Amino acid sequence: MHRRILVATLLAVAVTAVVLGLPLGVTALKLVEDFTRTDLSTRSQQIATSLDEQVASRHPIDVESVLLAVPRDARLVVRTKDHEYVYGTDPGRSPLTESVPMVQSGTVTLSAPSGPVRTQQFQVAGLVLLLVVLSAGTGMVVAGLTARRLADPLRHVAARAARLGAGDFRADPKRHEVPELDRVADALDASGAALSQLVQRERELVGDVSHQLRSRLTALQLRLEALADVPDQEVAEEAAAALEQAERLSSVLDDLLAAATAARARDAEPLDVSEALSEAAAEWREPLRAQGRALRQRVPDGLLARATPGRLREAIGVLLDNAVRHGKGTVTLTARNGGGTVVVEVGDAGPGVPDQLVPYVFERGFSAGGSTGVGLALARALVEADGGRLELSKARPALFEIFLPVARADDVLGVPWKIESRPR
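These notes cover the structure that comes with them. In this text the structure is predicted, and so the values were computed from the model without any measurement.

**A word on the environment of Ala185**
By the secondary structure assignment, Ala185 is in helix 3 (residues 179–228). For the pair formed by Ala185 and Ala161, sequence separation is 24 residues and the distance between their alpha carbons is 8.8 Å.

This is the structure in structure tokens:
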């Protein structure tokens, strides 16, 4: 888009320069010659008038009395019925010549060399060309600034749409003072809020349904196991068959939940946790330093997790922003291997979360500090989208933990990743 805008603007500038520059150049060259011819014509008229006065007063023609009106390097030729008077040197090839008739039957002709006129024409043409080049250069600068001013907001809106598609549903307050693009940004924010609520309701529904089904299936299996032990052989056989179907149903439920988790985490990839956390820490050190606080980072090298870089950065950013807004003291950002998972911890030395608010910190719209109440709910949704978990492990002081799947060897080598379903 930047290149198209730049090319279109430069093309318009080039067309304008050609359309205006060529006529201006031709007109300037013509004016230089016309000024010279007009000067020669005026001088010839003055000379003819003076000589006519001499003839009218019955005095002989005195050419020397009008030599002051003859330009330098020009030739004067005065023709009468009886004589021809010539003054000056030969003006050379292709001179500029102007003739004026005399009242007393004669002509006055002035011829000037064309060299000085051509030199002036070249100078004027160079000046016109310089003006065209300056105009084109100014147009290029303006085109570059205009293209950047239009292309940068488009890139930002496109990046916002890409983040929305990747699961980042946070509103973006940045606007570009371009009404059409600002309306698109407003629409993306509204879509992000709606999608966030939809995804959260969907996950809550899946979790509730899963919990209820598992509970009912467990109760049903216990009852069937009890019936399978009764003395009545026929009843015991029917109970054993029903128990087998219940176990199959439990296995199908596990497979469906595993498939849903795999679908959510299909964009996840092996990720160097140290690098991702370093980028997040670099972004938040300055805001903490402005408050007189510090950010301490402890992440071992070679720690690989399976996650989407953008989602993990956004989730870490939400937790660090929460620590900046509501916490105190030094903020800690650590990571460790938790046995099958990579655990990322974000904590601070603030007062933490009151006990009565702990069950609600991840609910959308809930906030005890005057904020929108979207951040923590969004962070949990982003982590869960990669098959991980976000928990408040300690309320006072607040310590949040992100549990991410460890990147296995077949992930790094490019073998398709499969999620295994295991009963809890």
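Moving on from the coordinates now.
**Topic: a negative patch on the surface**
There is a patch of like negative charges on the surface, built from Asp232, Glu234, Glu237 and Glu238. Here Glu234 is to be found in helix 4 (residues 233–264). A relative accessible area of 59% means that Glu234 is categorised as exposed.

**Considerations on the side chain of Asp348**
Structurally, the position occupied by Asp348 is in the loop between strand 9 (341–347) and helix 7 (375–385). It is Arg293 that comes nearest to the buried, bridge-free Asp348 among opposite-charge side chains, at 5.1 Å. Within the structure, Asp348 has its side chain in polar contact with the backbone nitrogen of Gly350 (distance 2.7 Å). If near-sequence neighbours (up to four positions away) are discounted, Asp348 is found in contact with Arg293, Ala323, Gly327, Lys328, Thr330, Val331, Pro397 and Ala398.

**Quick notes on the pairing of strand 3 (residues 96–102)**
For a regular strand, the rule is simple: side chains alternate between the two faces of the sheet. Where burial is concerned, the two faces of strand 3 differ: the one with Leu96, Glu98, Val100 and Met102 is buried and the one with Thr97, Ser99 and Pro101 is not. Note that strand 3 and strand 4 (residues 106–112) share seven bridges and pair antiparallel. By the bridge assignment, Ser99 is partnered in strand 4 with Thr109. As consecutive antiparallel partners, strand 3 and strand 4 are separated by three residues, and within that stretch Ser105 has a phi angle of approximately 55°, a positive value.

**Regarding the packing of helix 5 (residues 273–290) against helix 6 (residues 309–326)**
Closest axis-to-axis distance for the helix 5/helix 6 pair is 10 Å, and the angle between their directions is 30°. Judged on the interaxial angle alone, helix 6 and helix 5 are roughly parallel. Helix 6 is crossed by helix 5, and the crossing has right-handed handedness. Contact residues: Ala276, Leu277, Glu279, Ala280, Trp284 and Leu288 in helix 5; Leu312, Arg313, Ile316, Gly317, Leu320, Asp321 and Val324 in helix 6. Residue composition of the contact of helix 5 with helix 6, by class: nine nonpolar, one polar and three charged.

**A closer look at helix 2 (residues 115–165)**
For helix 2, which comprises 51 residues, the first-to-last C-alpha distance of 73 Å matches the rise-based estimate of 75 Å (1.5 Å per residue) to within 8%. The set of residues buried in helix 2 consists of Val117, Gln121, Val128, Gly139, Ala143, Gly144, Ala147, Ala151, Pro153, Val157, Arg160 and Leu164.

**Concerning the sheet that holds strand 2 (residues 84–87)**
If you trace the four strands from one edge of the open sheet to the other, you get 2-1-4-3, paired in antiparallel fashion. Edge positions in the sheet fall to strand 2 and strand 3, since each has one partner strand and no second. Direction aside, the axes of adjacent strands within the sheet are offset by 10° on average. Taken together, the four bridges between strand 1 (residues 75–79) and strand 2 define a ladder with antiparallel strand orientation. Paired with Val78 across the two strands is Tyr85, which belongs to strand 2.

Criteria and thresholds
Sequence order as written defines residue numbering, which begins from 1 separately in each chain. Side-chain atom pairs in this predicted model are given and counted only at pLDDT of 80 or more, local residue features only at pLDDT of at least 70, and totals for whole chains, interfaces and linings cover all residues. Just so you know, side-chain values use all the structure's heavy atoms and leave hydrogens and water out. Segments assigned H or I by DSSP are reported as helices when at least four residues long, segments assigned E as strands when at least two residues long, and all are numbered from the N terminus. Nonpolar side chains (Val, Leu, Ile, Met, Phe, Trp, Tyr) are joined into patches within 5 Å and like charges within 9 Å, using only residues with over 30% relative accessible area and no salt bridge. Each accessible area value is a Shrake-Rupley result obtained with a 1.4 Å probe; residue values ignore everything except the protein chains displayed when judging cover. Any carboxyl oxygen of Asp or Glu that lies within 4 Å of a side-chain nitrogen of Lys or Arg is treated as forming a salt bridge with it. Only four residue types enter the charge count, namely Lys and Arg as positive and Asp and Glu as negative; His and the chain termini do not. Taken as the charge centre is NZ of Lys, CZ of Arg, CG of Asp or CD of Glu, depending on the residue. Think of it in three bands: residues with accessible area under 20% of the maximum for their type are buried, residues over 50% are exposed, and the middle band is partly exposed, with areas taken using a 1.4 Å probe on protein chains only. Two N or O atoms form a polar contact when they lie within 3.5 Å of each other; inside protein one atom must be a possible hydrogen donor and the other a possible acceptor, and for residues adjacent in sequence the pair counts only when both atoms belong to side chains. We call two residues contacting when some pair of their heavy atoms lies within 4.5 Å. The rule for pairing is simple: two strands pair if DSSP sees at least two bridges between them. As a rule, the C-alpha atoms of each element are fitted with a line to give its axis, helices using only the stretch in contact, and angles between N-to-C directions run from 0 to 180 degrees. By definition in this entry, angles of less than 35 degrees are roughly parallel, angles greater than 145 are roughly antiparallel, angles of 65 to 115 are roughly perpendicular, and the rest are oblique. Note: crossing handedness is left-handed where the near helix turns anticlockwise from the far helix by less than a right angle, and right-handed where it turns clockwise. Lys, Arg, Asp and Glu make up the charged group, whereas Ala, Val, Leu, Ile, Met, Phe, Trp, Tyr, Cys and Pro make up the nonpolar group; the residues left over, Gly among them, are polar. Each helix should span, by expectation, one fewer than its residue count multiplied by 1.5 Å.

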